[in-house]
Amino acid sequence: MSAKKKDLLSSAMKRTSEWISSQEVSSDVTVYVGEASFSLHKFPLLSKCGLIKKLVSESSNDSDATVIKIPDIPGGSEAFELTTKFCYGINFDMSTENIAMLRCASEYLEMTEEHSVENLVSRSEAYLTEVALKSLSSAITVLHKSEDLLPIAERVKLVSRCIDAVAYMTCQESQFCSPTSTNSNSHEVVSKQPVVDWWAEDLTVLGIDSFQRVLIAMMARGFKQYGLGPVLMLYAQKSLRGLEIFGKGTKKIEPKQEHEKRVILETIVSLLPRERNAMSVSFLSMLLRAAIYLETTVACRLDLEKRMGLQLSQAVLDDLLIPSYSFTGEHSLFDTDTVQRILMNYLEFEVEGVRLSNNGADLAGDMERVGKLMETYLAEIASDRNVSLQKFIGLAELIPEQSRVTEDGMYRAVDIYLKAHPNMSDVERKKVCSLMDCQKLSREACAHAAQNDRLPVQTIVQVLYYEQQRLRGEVTNDSDSPAPPPPQPAAAVLPPPKLSSYNDELSKVKRENQDLKLELLKMKMKLKELEKENNEKKSTTTMSSNHSSPRSTASMDKPPLPRKSFINSVSKKLGKLNPFGIPPRGRTKPPKDRRHSIS
C-alpha cells in the first residue's frame, strides 16, 4: 500500500470515528479491563488494535454486542482509556508521567504500523527519543514509571534505554566521571568526602533493582566508586526510614516489609565503595544496626564490621553502642560480641600494616584514640548487670597495652563493673582487677583506689606499694640531681622557678604522704597481728639465748633506742611483706640479737 493511500485511509478512519462519537451510535463491543468496563465500537478499535481484532474474531457472534476481557494490560484501565482516546482521535497530552504506560500498552494491544499509519507505538517511540530521554530528570521519571510495567517494559527495552540515558547524563554532570588512577586497592584512602550532586536526590525514587543497575552502568562509564557514597547514603536514609534500630522492644514491622528492607540493605552494602573514608563511621554503624535488626545474611554483617574496624579510630562512643535486639531479659543491653569483632578487625588491619601512610606517629595516635574509646565503652557497658565476666574480660584484654598511656580509664571501668556486680567472689574480683596495671595509675586514681572497699586487698596493697615506690623515686631523683646550671643571659628575663617548684612539689608529696599514712594504718594493724603471732613462736628461743649470754645484762643497762617513726615502721613491714617477690636492695644486715649472741 502506497503512502498516499495510507494517508487517505487514516483520514477516513479519523472522520469515521468522529462521526461515531458525534452521532452517539450505540456500542457494539464491551471491553472489561480488570473491574472496569468500556462500551465501545468495533470500527475505531479494530482499525488500530491488532489484539482486539484477534479477540473479536475469536469471540462468538450470537449476540449483537461482543464482550472482550483484557485483564492484564500494562497500566490497567487508565492505560486502556488513553489508548481508546487515541483510537477515537480524541486529543490528550503525552508526558513523562504517562509515556511509559502508553508505550507498553500500545505494544500489548499491537498498535503498530501494520494496522494504521502513525499508530500509537511509533508516536510513543518518537516522544521517548525526542523528549523524555533528553533530560536527566525526565529519564529518571520514565524509569521509575517503568518499574510497574514489567516484564513488557523490559521486552520493549524501555528500562535499558532509560538506564543508559541516566548513566550517561549523570557522568556528564558529575565531577567523579573521569578517574585519574586505575589503582583498585580496596584500602585506598579518600582524603575528602565527595560532594552530593543535585541529581542524587532524584535517584532515591527508584526501586532497589533499578537503582542498582543505574549505579553499575555509571561505574561502567567511568564513574568513580567512592563518589557513590553520598548517593548511597541518601538512598539508605530514605528507604530504611521507620526502622526502630535505636532501642529495644518488639518488632513493629510486617514480614513482607521486613523482607523488602532486608533486600534493600543487602544491596546497598554490596554497592558500598571499598576506599577508606568514603563512608562515615556513623553511617556504617547505622547500617550495621539495621542489618542486625533485619537479620540480614552473615556475610553482610561481617562486611560492615570489617569496614567499621578499618575506620575505628574515627568512631565515637555512640557508634559502638549497638543494641543487642534480644527481647528477653537474659541478655545484655548492648551487643558486645559485635564490638569485639570490630576491635579484632581493627587490630588485624593494624598488624598487617594496611595503611596508606606508614607514619609511626599517626599509628600511635590512632592506637591511643582507639584505646581511650574502648575504655570508655567498657565503662559504659560495665553498669549492665547482664554483662558476663567472660565478655567483660575478653573485651578488655583485646585493648592494646601500648594504646593505654595511663590505666585511669581501665580502673574506672573495673570500678563500675565491681559496683554493678556486688555478688562476685574474691577470685572473680581478682580476675577483673588484674586487667589494669597499678604502676600506670595516676596519683588521683591511686588515692581513690586506696580508699575503694570494692577492690581486693591484694590490689590495694599493690597500689600503695607502687605509689610508695614512686614517691621514693621522686625524692631520690631530686636529691641526686646535679645543681642547675647558671641561667644564660638570653634567658635572664624568665624567672628561675626550679627551687620554688621543687619546694612546692616537696610539700605536695608530704601532704600526700600524710594522706597515705591514714590508709597505711589499716594495713599496719593487719600486719601487726601477723607479726605478733610470729613473735610468740620465736619468743621462747630468743629469751633463752639472752639469759645464757653474760653480756645480756650489760645490754640491759644501755639507754633505750629512739622510737621509730610511724611511716618507717609501716615501710619496713611492707618491705617484709613483699607481695611481688622483688629482691631487696643491697645486703641485708643481720639482726641485733644475732650480733650479741655467743654462737
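Please read these numbers as outputs of a predicted model, since none were measured by experiment. Per-chain numbering applies: the sequence of each chain, read as written, is numbered from 1 onward. Local features in this predicted model are restricted to residues of pLDDT 70 or higher, and side-chain atom pairs are both shown and tallied only at a pLDDT of 80 or more, whereas totals for entire chains, interfaces and linings draw on every residue. By convention in this description, side-chain values take in all heavy atoms of the structure and omit both hydrogens and water.

(A) Quick peek at the overall build of the chain. A helix here means a DSSP run of H or I that spans at least four residues, while a strand means a run of E at least two residues long, and both kinds are numbered starting from the N terminus. Assigned secondary structure in the chain consists of 27 helices and three strands. With a 1.4 Å probe rolled over the protein chains alone, any residue whose accessible area is under 20% of its type maximum counts as buried; one over 50% counts as exposed, and the rest are partly exposed. The 599 residues of the chain split such that 42% are buried. We call two residues in contact whenever any of their non-hydrogen atoms come within 4.5 Å of each other. Across the chain, contacts joining residues at least 24 apart in sequence account for 75% of those joining residues at least 6 apart. What sets the accessible areas is the Shrake-Rupley method with a 1.4 Å probe; for residues, cover comes only from the shown protein chains. Accessible surface, the chain as shown: approximately 34700 Å² in total, 53% of it carbon and sulfur.

(B) Spotlight on the state of the cysteines. When two cysteine sulfur atoms are found within 2.5 Å, that pair is recorded as a disulfide. Taken as a whole and judged by the stated rule, the model has zero disulfides. Not part of a disulfide, Cys-87 finds its nearest cysteine sulfur in Cys-49, a span of 3.7 Å. Its sulfur unpaired, Cys-104 is 9.7 Å from the next cysteine sulfur, which belongs to Cys-162. Exposure remark for Cys-104: the relative accessible area of 0% places this residue in the buried category.

(C) Spatial organisation of the packing of helix H20 (residues 408–420) against helix H21 (residues 426–433). Think of each axis as a best-fit line through the C-alpha atoms, taken over the contacting stretch in the case of a helix, with angles from 0 to 180 degrees between the N-to-C directions. Between H20 and H21, the least distance of the axes is 10 Å, while the angle of their chain directions is 160°. Regarding the angle of H20 to H21, the classification is roughly antiparallel. Between H20 and H21 the crossing geometry is right-handed. Counting all contacts with H20, which are made through Val-414, Tyr-417 and Leu-418, the residues of H21 involved are Arg-429, Val-432 and Cys-433. Only Asp, Glu, Lys and Arg are considered charged in this grouping, and only Ala, Val, Leu, Ile, Met, Phe, Trp, Tyr, Cys and Pro are considered nonpolar; every other residue, Gly among them, is considered polar. The residue makeup of the contact of H20 with H21, split by class, is five nonpolar, no polar and one charged. Under this scheme an angle from 65 to 115 degrees is roughly perpendicular, one under 35 degrees roughly parallel, and one over 145 degrees roughly antiparallel; angles in between are oblique. Handedness of a crossing follows from how the near helix is turned relative to the far one, being left-handed for an anticlockwise turn of less than a right angle and right-handed for a clockwise one.

(D) Representation of the environment of Val-263 in the model. Among the structural elements, Val-263 can be located in helix H13 (residues 255–271). For Val-263, a relative accessible area of 32% puts it in the partly exposed group. Separated by 34 residues in the primary sequence, Val-263 and Thr-297 place their C-alpha atoms 10.0 Å from one another.

(E) Spatial organisation of H21. Of all the positions in H21, only Arg-429, Val-432 and Cys-433 are classed as buried. Down the axis of H21, the buried side of the element spans an arc of 95°, and every buried residue falls inside it. Directions from the helix axis toward the C-beta atoms define the arc.

(F) Spatial organisation of the pattern of salt bridges. Think of a salt bridge as a Lys or Arg side-chain nitrogen and an Asp or Glu carboxyl oxygen that are within 4 Å of each other. Considering all chains together, one arrives at 15 salt bridges under this definition. In this structure, Glu-97 and Lys-145 form a salt bridge, with 3.2 Å as the shortest nitrogen-oxygen distance. With Glu-97 in the loop between helix H4 (76–88) and helix H5 (99–108) and Lys-145 in helix H7 (residues 136–146), the pair connects residues that are 48 residues apart, well separated along the chain. Assessed through its relative accessible area of 31%, Lys-145 is described here as partly exposed.

(G) Fine view of unusual backbone geometry. Residue Pro-151 is bonded to the preceding Leu-150 through a cis peptide linkage, with omega at 5°. Among the structural elements, Pro-151 can be located in the loop between H7 and helix H8 (152–155). We note that Lys-157 has phi near 60°; this positive angle belongs to a residue other than glycine. The backbone phi angle of Glu-295 is positive, close to 55°, even though this residue is not glycine. Note that Glu-295 resides in the loop between helix H14 (281–294) and helix H15 (298–310).

(H) Examining the sheet that holds strand S1 (residues 29–33) more closely. Only strands that DSSP links by at least two bridges are regarded as paired with each other. Pairing is mixed across the open sheet formed by three strands, whose spatial order is S2-S1-S3. If you trace the sheet from one side to the other, it starts and ends with strand S2 (36–40) and strand S3 (66–69), each paired once. For this sheet, the mean angle separating the axes of adjacent strands, direction not counted, is 20°. As defined by bridge partners, S1 adjoins S2 across five bridges and the pair is classed as antiparallel. Considered in S2, the bridge of Val-31 is made with Phe-38. Against the sheet, H4 engages S1 and S2, with an angle of about 10° to S2.

(I) Molecular detail of the packing of H4 against H5. Between H4 and H5, the shortest axis-to-axis distance is 9 Å and the interhelical angle comes to 75°. With respect to each other, H4 and H5 are oriented roughly perpendicular. Residues Glu-78, Ala-79, Leu-82 and Thr-83 of H4 form the contact with H5, whose own contacting residues are Met-101, Leu-102 and Ala-105. Residues that form the contact of H4 with H5 fall into these classes: five nonpolar, one polar and one charged.

(J) Fine view of H13. Its 17 residues give H13 an end-to-end C-alpha distance of 25 Å, which sits within 8% of 24 Å, the value for a rise of 1.5 Å per residue. Those residues of H13 lying buried are Glu-258, Lys-261, Arg-262, Ile-264, Leu-265, Thr-267, Ile-268, Val-269 and Leu-271. For H13, the elements touching its buried residues are helix H11 (208–220), helix H12 (229–239), H14 and H15. A helix is expected to span 1.5 Å for every residue after the first.

(K) A look at the environment of Met-111. Relative to the helices and strands, Met-111 resides in the loop between H5 and helix H6 (120–130). In this structure, the C-alpha to C-alpha distance between Met-111 and Thr-83, residues 28 residues apart in sequence, is 9.1 Å. Every residue in contact with Met-111, bar those within four places of it in the chain, is listed here: Lys-48, Cys-49, Thr-83, Phe-86, Cys-87, Ser-106, Asn-119, Leu-120 and Val-121.

(L) Focus on the side chain of Arg-103. Structurally, the position occupied by Arg-103 is in helix H5. According to the relative accessible area criterion, Arg-103 is buried, its value standing at 6%. In contact with Arg-103, not counting residues within four places along its chain, are Val-121, Ser-124, Glu-125, Leu-128 and Val-156.

(M) Quick look at the confidence of the model for the chain. Looking at the chain as a whole, its pLDDT mean stands at 75, while 67% of the residues score no less than 70. Known as pLDDT, the predictor's per-residue confidence is scaled from 0 to 100. The least confident element of the chain, judged by mean pLDDT, is helix H25 (residues 552–557) at 41; the most confident is H15 at 93. Every residue in residues 12–17 scores below 50 in pLDDT, and together they form six contacts with partners more than four places removed in sequence or on other chains.

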